[in-house]
Amino acid sequence: MPIYRSYHMAKEILIYDVIVSNDDFFGGVSPGDIIDQLDGDVHVRINSPGGDAFAGIAIYNAMRSHVGEVHVTVDALAASAASIIAMAGDKIDMADNAMMMIHNGWTFTMGDRNTHRKQADFLEKVDSNILDTYARQIGEDANKDELAAMMDEETWFTATEAMDLGLTTGITEDVKVAACLTKQQLGWFSNAPAAVAAMVQGTTTQQEPVKPVDKAARELWLQKKDEIGTVVDTFA
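Residues numbered from 1 in each chain as written. Predicted model: local features only at pLDDT ≥ 70, side-chain atom pairs only at ≥ 80, totals over all residues. Heavy atoms only, no water.

1. With respect to the pairing of strand E4 (residues 70-79)
Turning to step 1, where the next piece is worked out: Here E4 lies mainly inside the structure; 10 of its 10 residues are buried.
Turning to step 2, where the next piece is worked out: One ladder, built from 6 bridges, connects strand E3 (residues 42-48) with E4; its direction is parallel. Of the residues in E4, the one forming a bridge with serine 48 is alanine 78.
Turning to step 3, where the next piece is worked out: Of the strand pairs in this sheet, E4 and strand E5 (residues 91-95) are connected by 4 bridges, and their pairing is parallel. Within the sheet, the bridge partner assigned to valine 72 lies in E5 and is isoleucine 92.
Turning to step 4, where the next piece is worked out: For the crossover from E4 across helix H3 (residues 81-86) to E5, the handedness is right-handed.
Turning to step 5, where the next piece is worked out: Relative to strand E6 (residues 99-102), E4 runs parallel, the two sharing 3 bridges. Looking across to E6, one finds that alanine 78 is bridged to methionine 100. (Buried < 20%, exposed > 50% of the residue type's maximum accessible area, 1.4 Å probe, protein only. Helix = DSSP H or I, 4+ residues; strand = E, 2+ residues; numbered from the N terminus. Pairing = 2+ DSSP bridges. Right-handed = clockwise from strand over helix to strand, strands pointing away.)

Rendered as structure tokens:
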């Protein structure tokens, strides 16, 4: 559940949890949580590993259509669906020690070859919509082929890299906030930087990429979904 408080004449909304479709699923932050609090100018602070793709898109669209000013700050981590939400800001800042990650949507299907092919076609549409969201923020300089390749590779950006690409508009001083990411959630990603993995695992930063946490965490998470064959998330 997000936290709200007044912040320099603007309501502050903290998205410091997994993005979910509703409040009843393992807690987290849902579209309803955010939509109910969009009133006047808002300052949305993000520290999230991402979550449900469509919930992230719903939050993004609600923030984009909000009549007040929306200032977004990535305090530590905006990964996956959280990076989609970040694109909704009229002003998008990242702390200089924060990170942002973009990648393709993924899902889990059960069925014959026709079912899997249908889901693959559906995921291509999801990826295209997500890519358009990033391209819209970057503007005329957006290279969609380059963005698609970055999503294929699961690309992690520093604050400087994100601003150079056009995903953000500014860099703020570092914030003493740990990334909202557990060891299990780290296993959702296939290309997490050594610095992120070290922070989560409590180890010294390595120069070489570390191996992701066992994917069994992902399978366990998926088993708890109500409708296995129709779920789409932006975890990797």
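Moving on from the coordinates now.
2. Details of unusual backbone geometry
Leaving glycine aside, a negative phi is the common case for residues, and trans is the common case for peptide bonds.
Turning to step 1, where the next piece is worked out: Its identity is not glycine, yet serine 80 carries a phi of approximately 60°, on the positive side.
Turning to step 2, where the next piece is worked out: Exposure remark for serine 80: the relative accessible area of 2% places this residue in the buried category.
Turning to step 3, where the next piece is worked out: Unlike most non-glycine residues, glutamate 154 shows phi in positive territory, near 55°.
Turning to step 4, where the next piece is worked out: For glutamate 154, the position within the fold is in the loop between helix H5 (144-153) and strand E8 (155-158).
Turning to step 5, where the next piece is worked out: What makes glutamate 154 buried here is its relative accessible area of 2%.

3. Quick notes on the nonpolar core
Turning to step 1, where the next piece is worked out: Counting 45 residues, the largest nonpolar core has Ile15, Val44, Ile46, Met63, Tyr134 and Leu167 as the members making the most contacts within it.
Turning to step 2, where the next piece is worked out: If one sorts the elements of this core by residue count, helix H4 (residues 113-138) sits on top with 6 residues.
Turning to step 3, where the next piece is worked out: Discounting residues that sit within four places of it in the chain, isoleucine 46 has contacts with Ile15, Tyr16, Val72, Thr73, Val74, Asp75, Ala76, Leu77, Ala78, Ala82, Ile85 and Ala86.
Turning to step 4, where the next piece is worked out: Counting 5 residues, the second largest nonpolar core, distinct from the first, contains Leu77, Ala79, Met99 and Met101. (Core = buried A, V, L, I, M, F, W, Y, C linked by side-chain atoms within 4.5 Å. Contact = heavy atoms within 4.5 Å.)

4. Some thoughts on the pairing of E5
Turning to step 1, where the next piece is worked out: With 4 of 5 residues buried, E5 is to be regarded as a mostly interior element.
Turning to step 2, where the next piece is worked out: The sheet contact formed by E5 and strand E9 (residues 170-172) spans 3 bridges and is parallel. By the bridge assignment for E9, alanine 95 is matched with threonine 172.

5. Considerations on the packing of aromatic side chains
Turning to step 1, where the next piece is worked out: This structure, assessed with the given rule, holds 1 aromatic pair.
Turning to step 2, where the next piece is worked out: Measuring from ring centre to ring centre gives 6.2 Å for phenylalanine 54 and phenylalanine 122, while their planes differ by 45°; the resulting arrangement is tilted. Of this pair, phenylalanine 54 sits in helix H2 (residues 53-65) while phenylalanine 122 is found in helix H4, placing the two residues 68 residues apart along the sequence. (Phe/Tyr/Trp six-rings, centres within 6.5 Å; stacked < 30°, edge-to-face > 60°.)

6. What about the packing of H4 against H5?
Turning to step 1, where the next piece is worked out: Axis separation between H4 and H5 bottoms out at 10 Å; the angle between their running directions is 125°. Of the possible angle classes, the one that applies to H4 and H5 is oblique. Crossing angle aside, the handedness with which H4 passes H5 is right-handed. Across the interface between the two elements, Asp127, Ile130, Leu131, Asp132, Tyr134, Ala135 and Ile138 of H4 pack against Lys144, Leu147, Ala148 and Met151 of H5. (Axes fitted to C-alpha atoms, helices over the stretch in contact; angles between N-to-C directions. Parallel < 35°, antiparallel > 145°, perpendicular 65-115°, else oblique. Left-handed = near helix turned anticlockwise from the far one by under 90°.)

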